[in-house]
Amino acid sequence: MWAWRPLGGSEAQAERSHKAANCVMSQLMLRDATKAPELFEKSMKVYLNLAERACAEPVEAKSQSTTTS
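Residues numbered from 1 in each chain as written. Predicted model: local features only at pLDDT ≥ 70, side-chain atom pairs only at ≥ 80, totals over all residues. Heavy atoms only, no water.

## Points about a nonpolar patch on the surface
Then, number 1: Taken together, the side chains of Val-24, Met-25 and Leu-28 define a hydrophobic patch exposed on the protein surface, amounting to about 240 Å² of accessible area.
Then, number 2: On the basis of relative accessibility, which here comes to 35%, the residue Met-25 falls in the partly exposed class. (Patch = residues over 30% accessible without salt bridge, like charges linked within 9 Å, V, L, I, M, F, W, Y side chains within 5 Å. Areas by Shrake-Rupley, 256 points an atom, 1.4 Å probe, with all protein chains shown as cover. Salt bridge = Lys/Arg side-chain N within 4 Å of Asp/Glu carboxyl O. Buried < 20%, exposed > 50% of the residue type's maximum accessible area, 1.4 Å probe, protein only.)

## Some thoughts on the environment of Asn-22
Then, number 1: Mapping Asn-22 onto the fold places it in helix H1 (residues 11-35).
Then, number 2: Given the relative accessible area of 9%, Asn-22 is considered buried.
Then, number 3: When the C-alpha atoms of Asn-22 and Leu-48 are compared, they prove to be 8.2 Å apart, with 26 residues separating the residues in sequence.
Then, number 4: Among all residues touching Asn-22, those that are not within four sequence positions of it are Tyr-47, Ala-51 and Ala-54. (Helix = DSSP H or I, 4+ residues; strand = E, 2+ residues; numbered from the N terminus. Contact = heavy atoms within 4.5 Å.)

## Looking at the environment of Ser-26
Then, number 1: Summarising the element assignment, Ser-26 is placed in helix H1.
Then, number 2: On the accessibility criterion, Ser-26 (14% relative accessible area) is buried.
Then, number 3: Ser-26 sits 21 residues away from Tyr-47 along the chain, and the two C-alpha atoms are 7.0 Å apart.

## Focus: the pattern of salt bridges
Close approach of charged atoms lets side chains of opposite charge pair.
Then, number 1: The tally for this structure, following the rule as stated, stands at two salt bridges.
Then, number 2: The salt bridge partner of Asp-32 is Arg-31, with a shortest N-O separation of 4.0 Å.
Then, number 3: Relative accessible area serves as the criterion here: at 23%, Asp-32 is assigned to the partly exposed category.
Then, number 4: For Arg-31, a relative accessible area of 45% puts it in the partly exposed group.
Then, number 5: Residue Glu-41 is joined to Lys-45 by a salt bridge in which the shortest nitrogen-to-oxygen separation is 3.3 Å. Note that Glu-41 and Lys-45 are positioned in helix H2 (residues 37-68) at a spacing of four residues, about one turn of the helix.

Right, dumping it as structure tokens:
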């Protein structure tokens, strides 16, 4: 699922790290978009959509696996 994994870490740890990084990056993009919306608003929206989709994929996969079993 993930292209990278922390040294000695599990996939669950990698997933948590990835989600945390998305949260931090979204906050930074939001801060920049607030200061200069003409420069960062579109980038912030695109990144936020990508982060939301990445976080929703495991939830959707889990819900599909429980409905099919």
